[in-house]
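A closer look at the structure
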Amino acid sequence: MEKTVEAYLRRRVKEAGGLALKLVCPGWTGVPDRLILMPGARVYFAETKDLGRTPKPRQRYVHGRLRALGFLVFVPDSKPAVDAMMVRILGEAREE
């Protein structure tokens, strides 16, 4: 269930010292569910989904725009997908 994945994502980000803020942009549809702010001024986006579900066309468009600006956009649909996202995020922190 998407809410379960989103709650797990928030917990994992918090445990890693970051914030997973709900992202709401009136007048701009398709933005990811969460703005992830990590130590070191690192910014990521996450669109949580139910298992096996994919982003809608407008969401894919917005994700593409964010990626074109150089941001990482994750689309986790399960706890293991959140864990993989965190491995990537924490791995970037170690590289710096």
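The numbers attached to residues start from 1 for each chain and follow its sequence in the written order. Residue-level local features of this predicted model are given only where pLDDT is at least 70; pairs of side-chain atoms are given and counted only at 80 or more, and the full residue set underlies all totals for whole chains, interfaces and linings. To get the side-chain values, all heavy atoms of the structure are used, and hydrogens and water are removed first.

1. What about the side chain of Gln-59?
Using the following cut-off: A run of H or I in DSSP becomes a helix once it reaches four residues, and a run of E becomes a strand once it reaches two; helices and strands are each numbered from the N terminus. The term polar contact refers here to a pair of N or O atoms within 3.5 Å; inside protein, the definition further demands a hydrogen-donor-capable atom paired with an acceptor-capable atom, and it admits residues adjacent in sequence only when both atoms are side-chain atoms. By definition, residues are in contact when any of their heavy atoms lie within 4.5 Å.
Considering the arrangement of structural elements, one finds Gln-59 in helix α2 (residues 57-68). A polar side-chain atom of Gln-59 sits 3.1 Å from a polar atom in the side chain of Glu-47. Once you skip the residues sitting within four places of it in the chain, Gln-59 turns out to touch Gly-30, Glu-47 and Lys-49.

2. Here we look at α2
Since there are 3.6 residues in each turn of an α-helix, residues three or four apart along the chain are aligned in direction. Our working rule: Expected helix span is computed as 1.5 Å times (number of residues minus one). When a residue's accessible area, from a 1.4 Å probe over protein chains only, is under 20% of the maximum for its type it is buried; when over 50% it is exposed; and in between it is partly exposed. Think of it as the arc spanned by the lines of direction from the helix axis to the C-beta atoms.
The end-to-end C-alpha distance of α2, which contains twelve residues, comes to 16 Å, matching closely the 16 Å that a straight helix rising 1.5 Å per residue would cover. All of the buried residues along α2 are Gln-59, Val-62, His-63 and Leu-66. Projection of α2 onto a plane perpendicular to its axis shows the buried side chains occupying an angular sector of 100 degrees, all on one side. Exposed and facing more than 90 degrees away from the buried side of α2 are Pro-57 and Ala-68. Where α2 is buried, its residues meet β3 (42-46) and β4 (72-74). Phi turns positive, to about 100 degrees, at Gly-70, one or two residues after α2.

3. Points about the nonpolar core
Rules: Buried residues of nine kinds, namely Ala, Val, Leu, Ile, Met, Phe, Trp, Tyr and Cys, make up a nonpolar core once their side-chain atoms join them within 4.5 Å.
Core analysis: the largest hydrophobic core is formed by 14 residues, its most contacted members being Leu-9, Val-13, Ile-36, Val-82, Met-85 and Ile-89. Sorting the residues of this core by element identifies α1 (2-15), β2 (34-38), β3 and α3 (79-95) as the ones contributing at least two each. In this structure Leu-9 touches Ala-20, Arg-34, Ile-36, Ala-46, Thr-48, Pro-76, Val-82 and Met-85, once residues within four positions along its chain are discounted. Ranked by size, the runner-up nonpolar core spans seven residues in total, among them Val-31, Leu-35, Phe-45 and Val-62.

4. A short note on α1
The end-to-end C-alpha distance of α1, which contains 14 residues, comes to 20 Å, matching closely the 20 Å that a straight helix rising 1.5 Å per residue would cover. Taken residue by residue, α1 has Val-5, Glu-6, Tyr-8, Leu-9, Arg-12 and Val-13 as its buried positions. All buried residues of α1 fall inside an arc of 165 degrees around its axis, so they share one side. With respect to the buried face of α1, the exposed residues turned more than 90 degrees away are Lys-3, Lys-14 and Glu-15. Backbone geometry just after α1 places Gly-17 at a positive phi near 90 degrees.

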